[in-house]
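Commentary on secondary and tertiary structure
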Amino acid sequence: TTLEPLPYQVARWVSGGWDAVEAAGRIFNAVVVKDNYDRPVLLFKNTWNVDQLVADSPEIGELLPFALPPTTSIDNRSKKGRGKK
């Protein structure tokens, strides 16, 4: 496998999810991809393109510079491993 660099410098997670991406319609100067948790991520060549998208398509909502992994309750995790003896 050969990895090749992409021409993008800025990544933004769409806080509104896929619904916000669809509401924004056609997105110019960005590539829409998904992360390991199937959340939409927009790749931009520069921050000017980010600002332009937010100005032109307010339906996109908040764009976040990072995303945390989905949380799992510690209580739920510990209960899954418990069985009746």
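Residues numbered from 1 in each chain as written. Predicted model: local features only at pLDDT ≥ 70, side-chain atom pairs only at ≥ 80, totals over all residues. Heavy atoms only, no water.

1. Examining the sheet that holds strand β3 (residues 40-44)
Strand order in this open sheet of four strands is β2-β3-β1-β4, and the pairing throughout is antiparallel. Bordering the open sheet on either side are β2 (30-34) and β4 (63-64), each of which pairs with just one other strand. Inspection of the sheet shows strand β1 (residues 10-14) paired to β3 by four bridges, in the antiparallel sense. Looking across to β3, one finds that Ala11 is bridged to Leu43. Those strands touched by helix α1 (residues 17-24) are β1, β2 and β3, and its axis lies near 155° from that of β2. Where helix α2 (residues 47-56) meets the sheet, it contacts β1, β3 and β4, and its direction lies at approximately 125° from that of β3. (Pairing = 2+ DSSP bridges. Helix = DSSP H or I, 4+ residues; strand = E, 2+ residues; numbered from the N terminus. Contact = heavy atoms within 4.5 Å. Axes fitted to C-alpha atoms, helices over the stretch in contact; angles between N-to-C directions.)

2. Quick notes on the side chain of Asn49
On the secondary structure map, Asn49 appears in helix α2. For Asn49, a relative accessible area of 9% corresponds to the buried category. Here Asn49 is in contact with Asn29 and Phe44, once residues within four sequence places are set aside. (Buried < 20%, exposed > 50% of the residue type's maximum accessible area, 1.4 Å probe, protein only.)

3. Re the pairing of β3
Most of β3 is tucked away, with five of its five residues classed as buried. Residues Pro40, Leu42 and Phe44 point to one face of β3 and Val41 and Leu43 to the other, with burial holding for every one of them. The turn joining β2 and β3, which pair antiparallel and follow one another in sequence, is formed by five residues; a positive phi near 65° is taken by Asp38.

4. Observations regarding the pairing of β1
Among the five residues in β1, four count as buried, and that is most of the element. Examined bridge by bridge, β1 and β4 share two bridges and lie antiparallel to one another. In the strand pairing of β4, Val14 is matched with Leu63.

5. Examining α2
An α-helical segment advances 3.6 residues per turn. Residues three or four places apart therefore align on the same side. Listed in full, the buried residues belonging to α2 are Asn49, Val50 and Leu53. Projected down its long axis, α2 carries its buried residues within an arc of 105°, all on one side. Exposed residues pointing more than 90 degrees away from the buried face of α2 are listed as Trp48, Asp51 and Ala55. Taken together, the buried residues of α2 touch β1, β3 and β4. Where α2 starts, the residue carrying a side-chain oxygen 3.2 Å from the main-chain nitrogen of Trp48 turns out to be Asn46. (Arc of directions from axis to C-beta. Polar contact = N/O pair within 3.5 Å; in protein donor to acceptor, adjacent residues only side chain to side chain.)

6. Here's the deal with unusual backbone geometry
For Asn29, which is not glycine, the phi torsion reads 60° and is therefore positive. Relative to the assigned elements, Asn29 resides in the loop between α1 and β2. Assessed through its relative accessible area of 51%, Asn29 is described here as exposed. Positive phi, close to 65°, is recorded for Asp38, a residue that is not glycine. Mapped onto the fold, Asp38 is located in the loop between β2 and β3.

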